[in-house]
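Below, each chain spelled out in residue letters.
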Amino acid sequence: MRRDWPLKSSELFPAEEASLARPDGPFPASESIIARGSETSYLRLFHRLRARLVANNTDYVLRQSPLRIITILLCSSLIWWVVFAISMGGMTYLRSKNIYLSGDLIGIVFNILFLALTMLLVFSTGIILYSSLFTSQEAAFLLSGPAPADKVFAYKYQGAVMFSSWSVLLIGSPILFAYGFVEHAPLSFYLLMPVFFLGFILLPGSIGALCVLLIVNFIPKHRKQILFLSGALVLFVAGYWGYETLAFTPAYNWDREMLSRLLDRFSFAQNLGVPSHWMTRGLQAAGRGALGRSCYYLALVWSNGLLLYVLAAGLSTRLYRRGYNRVATGSSLRRRYGSAGMDRLLSKLVGFLHPQVRLLIIKDFRTFRRDPAQWAQILIFTGLMSLYFTNIRRVYLGEVDWAHQNGISLLNLCATGLLLAAYTGRFIYPMLSLEGRKFWILGLLPMRRERLLWGKFAFSATGGVLIAELLVLLSDVMLAMPAVAIGLHILAVAVLACGLSGLSVGLGACMPNFRETDPSKIAVGFGGTLNLVAGLIFLSLTIGLIAAPWHLYAAGARDPDQIQEANAMLVIGLQALVGTALGAMATVIPLLAGARLLRRMEF
Amino acid sequence: MNEVLSSRTWQHSMISLEHVSKTYGTKPAVLDLDLHIQPGEMFAFLGPNGAGKTTTIKMICGLLFPTTGVVRVGGFDLQRDGDRARQLLSYVPDQPYLYEKLTGREFLQFIADMYGMDREYGLRRMAEVIGLFNLADFVDELTERYSHGMRQRTVFAAALLHEPRVLVVDEPTVGLDPKSVRLLKDLLKQEAQRGVTIFLSTHSLDVAQELADRIGVVANGRLIGCGTLDHLRSQAEMSGSLEEVFLKLTDEKDVQDEKGLAVEI
């Protein structure tokens, strides 16, 4: 129901003051003008707002940076097709070999997939929802308006679930499409698939939302510790379980008994009370054309998802505003920060640089380490890669031939290079743009402007070299690679760290965006996308010139110790030299171009 | 009029804070604030940085809840009946929020829909505020391209669009050119004359002196003076400008606090 507009002045402020005074309650006049918007009007309004924002943003991106859209679409398509091809190959193999319990194996893969996605979505939706409900400027704006808390919650919840579940679509859908093709599933399977997905994302999304609401309301002071501890607990349990399973599983010589025992280790994922199992059963039933059975599981997924959502939305009417208040005022107004041992260590590490450059590096490092959103992503990826590298020895070394060992080592180098490219593209490229609003002080300091660039370059290259060299050494030592390979890998990583840092800092100065304050938005803009593409090309060329020739040559040898032919080593050495020269160019040219532009720049 | 106003209780007040205290962790931000503002009154809230002004404003808007005491707007308790209270008010923060990927017109339309305004009336009011704040030149551009002044004018247009009964404004003149400041002052006067209650937090003492019916001075979370300029002058035992009175009152408060601290130690 809408209120009557316009309001008459007499309705707003009645002439008789006496009528305003109500010892027993609020103004009668104010009651008469309260809008009692219907339940759906706010939801419709927020849907319209989201649709308008998406339309305007798409239009803007299409006009300003079509390259970004093309890159996103190409990368997404590539990932989709790779996952599809691997899934198709795996499932066709299982079917063609008529492997014992192959149906259950696929079921187990689905169970694990949906269980992993559930955990991932609980965490990602929870984290996104926390920031969008409690710390964003938009939340403060909406909460100071007339919309009820549960409507604001619903709007934010939908946004968080949509944002966090795109990975489900990108990784889950090609696997299911492959399953459908291999099983010759009927059309109803493909039609039911999105309905299952929509119901499924409600479940972990709502669990994440419930956790966030409860944590900020009842243990607001320890919310970060709880998030960290629960994440660490999940990783520890998953890591321990994975280690135990790997220790128990041979790479070859499988038999029936071994397979049955392996399947038993996955029994927890097949519990009837686990939502991931409902998804597996429902989709498998749909694949077989058993519609009734499939709809039963679909109903289970949806009813539980909706129940949890209603619970979260209901709770939000009482707890959202209360939680917002607690987050905003739970800790002291001021927090003292001081210098840390890490700052002093870094200062010593870069002690050979000009004192002004050193100060700028420490400033950037402090900003970086005080923003968990920045370093947490690097920590997670580095941690995962370290975990993988420390486990490869047991899996591969004893039971895989040299050719595979050689290939895996090269792939690990590529993965480390990709991590570096992501790090420099996401965190280093926006750094100069972010200085825009502080340029009134940096620009007036008694130092040459290009020192800003050198400072950022040194900060990036130091961090990149330290992390990436450690990772690649770990991988090579675990794989017991020959000394020549290790040396070439160390060189490749050093060239990559310097080249990618030079590209990101230099291009960041050539194409600054001083209006934007969000580094993620700067990273995905036109300049950021161009930097990412340039970085990937540089990565391919560097590995192609420095490391790949040795690996290709070594692939033909049966024994790595025999790879010592002088002529071959000379060619490999020359190519490595060309790669290093390319790295030097990628470092120096963008930095010089950036420095020239920075000197001329007006603020 | 103002002496009468100050003696009234919440039943008569459009904004009422009854013995309100607020702490951040263990640190108090607002202490035992008792304040009642009448319909149509323009109230200026002054205080040094960190005195508790923004915290008080956020409690009036229902963004923060008092640790003790009650905040009411239009008689509605913000904690129990906040949605109804917020229907009556508009809040212009010191750093206003605009959806960067909406045009000014789309933002105004969103606000009109948010307050459930009838479509025809909403369009008419939009045309009025676009004219009033001279937004026509840029109202169809994305707000991310707006300068500070353009953003501020758009936010004020949005705040007045639904004809609120209470207007809460935090530092409205920061970054505005003299012409815009004049426009804003005239507008606030007009709104107050129309009966809108205005709660104005500012560091611009000349704006407060020129516009306010009553002035409240807050320091270290406590209301150390409240009334007309003459009332504050007599409290400060001096006859000067608001700036001189303000400085004397806040300096005295600092000295008292230091003495209190010394006694405690």
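These figures come from a predicted structure and were not determined experimentally.

### Remarks on the overall build of chain B
Now for step 1: Broken down by element type, chain B carries 10 helices and 10 strands.
Now for step 2: By its C-alpha atoms, chain B is 60 × 40 × 35 Å across when sized along the principal axes.
Now for step 3: Looking at chain B as a whole, 50% of its 265 residues qualify as buried.
Now for step 4: Taking all contacts inside chain B whose residues are at least 6 apart in sequence as the whole, residues at least 24 apart take part in 68%.

### Brief notes about the overall build of chain A
Now for step 1: Per the secondary structure count, chain A includes 23 helices and 0 strands.
Now for step 2: The buried share of chain A, taken over its 603 residues, is 35%.

### Some remarks on helix 8 (residues 166–182) of chain A
Now for step 1: With 17 residues, helix 8 of chain A ought to run about 24 Å at 1.5 Å a step, and its terminal C-alpha atoms sit 24 Å apart, in line with that.
Now for step 2: Three or more residues of helix 8 of chain A are buried, namely Val168, Gly172, Pro174, Ile175, Leu176, Ala178, Tyr179 and Val182 of chain A.

### A look at the sheet that holds strand 1 (residues 15–24) of chain B
Residue and element names in this part refer to chain B.
Now for step 1: Spatially, the 4 strands line up as an open sheet ordered 2-1-4-5, and their pairing is antiparallel. The open sheet has two edge strands with one neighbour each: strand 2 (27–37) and strand 5 (76–77).
Now for step 2: For strand 1 and strand 4 (residues 68–73), the ladder comprises 5 bridges, and the chain directions are antiparallel. Residue pairing across strands places serine 21 opposite threonine 68, the latter belonging to strand 4.

### Let's talk about the packing of helix 17 (residues 402–434) of chain A against helix 19 (residues 450–478) of chain A
Residue and element names in this part refer to chain A.
Now for step 1: Look at helix 17 against helix 19: their axes get within 10 Å of each other, and the N-to-C directions meet at 160 degrees. For the element pair helix 17 / helix 19, the angle class is roughly antiparallel. In this structure, helix 17 meets helix 19 at a crossing whose hand is right-handed. Residues Ser409, Asn412, Leu413, Thr416, Leu419, Leu420, Tyr423, Thr424, Ile428, Met431 and Leu432 of helix 17 touch helix 19, and the partners they reach there are Lys456, Ser460, Gly464, Ala468, Leu471, Val472, Ser475 and Asp476.
Now for step 2: Looking at side-chain class alone, the contact of helix 17 with helix 19 contains 10 nonpolar, 7 polar and 2 charged residues.

### Overview of unusual backbone geometry
Now for step 1: One non-glycine residue with positive phi stands out, namely histidine 184 of chain A, at about 50 degrees.
Now for step 2: Position of histidine 184 of chain A relative to the elements: it lies in the loop between helix 8 and helix 9 (187–218).
Now for step 3: Backbone geometry at histidine 19 of chain B places phi at a positive 45 degrees, although glycine is not the residue there.
Now for step 4: Within the secondary structure, histidine 19 of chain B is located in strand 1.

### Remarks on the pairing of strand 6 (residues 89–92) of chain B
All names here are of chain B.
Now for step 1: Of the two faces of strand 6, the one carrying Leu89 and Tyr91 and the one carrying Ser90 and Val92 are both buried.
Now for step 2: Of the strand pairs in this sheet, strand 6 and strand 7 (residues 166–170) are connected by 4 bridges, and their pairing is parallel. Across the sheet, residue serine 90 finds its bridge partner in strand 7, namely leucine 167.

### Concerning the packing of helix 9 of chain A against helix 13 (residues 291–329) of chain A
Helix packing geometry: the angle between the two helix axes and the distance between the axes.
Residues and elements named next belong to chain A.
Now for step 1: At a minimum axis separation of 7 Å, helix 9 and helix 13 run at an interaxial angle of 25 degrees. Considering the angle they form, helix 9 stands roughly parallel to helix 13. Between helix 9 and helix 13 lies a crossing whose hand is left-handed.
Now for step 2: Considering only residue class, the contact of helix 9 with helix 13 consists of 24 nonpolar, 9 polar and 2 charged.

### Re the pairing of strand 2 of chain B
All names here are of chain B.
Now for step 1: Where strand 1 and strand 2 come together, 7 bridges link them in antiparallel fashion. Bridge assignment links isoleucine 15 to a residue of strand 2, and that residue is isoleucine 37.
Now for step 2: Between the end of strand 1 and the start of strand 2, which pair antiparallel, lie 2 residues, with glycine 25 showing a positive phi angle near 65 degrees.

### A look at helix 7 (residues 178–193) of chain B
Residues and elements named next belong to chain B.
Now for step 1: Here helix 7 spans 23 Å end to end across 16 residues, near enough to the 22 Å set by a 1.5 Å rise per residue.
Now for step 2: By the burial criterion, the buried members of helix 7 are Leu184, Leu188 and Ala192. The arc that holds every buried residue of helix 7, seen down its axis, measures 65 degrees, which confines them to one face. Relative to its buried face, helix 7 has exposed residues pointing more than 90 degrees away, namely Lys179, Arg182, Asp186, Gln190 and Gln193.
Now for step 3: Buried positions along helix 7 lie against strand 3 (42–46), strand 8 (197–201) and helix 8 (205–211).
Now for step 4: Once helix 7 finishes, glycine 195 follows within two positions and takes phi at roughly 110 degrees, a positive value.

### Remarks on the nonpolar core
Now for step 1: In this structure, Val73, Ala157, Val168 and Ile198 of chain B are the most contacted members of the largest nonpolar core, which totals 139 residues.
Now for step 2: Per-element tally for this core: the top contributor is helix 9 of chain A, with 15 residues.
Now for step 3: With residues up to four places along the chain from it excluded, the contact list for valine 73 of chain B reads Met14, Ile15, Ile60, Leu78, Ala85, Leu88, Leu89 and Val166 of chain B.
Now for step 4: The next biggest cluster of nonpolar side chains, apart from the first, holds 60 residues, and it includes Val357, Phe427, Cys498 and Val524 of chain A.

### Side note on the sheet that holds strand 6 of chain B
Residues and elements named next belong to chain B.
Now for step 1: Strand order across the open sheet formed by 6 strands is 6-7-8-3-9-10, with mixed pairing between neighbours. Of all the strands in the sheet, the pair left with one neighbour each is strand 6 and strand 10 (222–227). Sheet twist, expressed as the average angle between the axes of neighbouring strands with direction ignored, equals 15 degrees.
Now for step 2: Pairing between strand 7 and strand 8: 5 bridges, direction parallel. Bridge assignment links valine 168 to a residue of strand 8, and that residue is phenylalanine 199.
Now for step 3: Sheet strands in contact with helix 2 (residues 53–60) are strand 3, strand 7, strand 8 and strand 9 (214–219), and its direction is about 150 degrees off that of strand 7.

Rules and cut-offs
- Residues numbered from 1 in each chain as written.
- Chains lettered and ligands numbered in written order.
- Predicted model: local features only at pLDDT ≥ 70, side-chain atom pairs only at ≥ 80, totals over all residues.
- Helix = DSSP H or I, 4+ residues; strand = E, 2+ residues; numbered from the N terminus.
- Buried ≥ 20, exposed ≤ 12 C-beta atoms within 10 Å, placed from the backbone.
- Contact = placed C-beta atoms within 7 Å.
- Expected span 1.5 Å × (residues − 1).
- Pairing = 2+ DSSP bridges.
- Axes fitted to C-alpha atoms, helices over the stretch in contact; angles between N-to-C directions.
- Parallel < 35°, antiparallel > 145°, perpendicular 65-115°, else oblique.
- Left-handed = near helix turned anticlockwise from the far one by under 90°.
- Nonpolar A, V, L, I, M, F, W, Y, C, P; charged D, E, K, R; others polar.
- Arc of directions from axis to C-beta.
- Core = buried A, V, L, I, M, F, W, Y, C linked by C-beta atoms within 7 Å.

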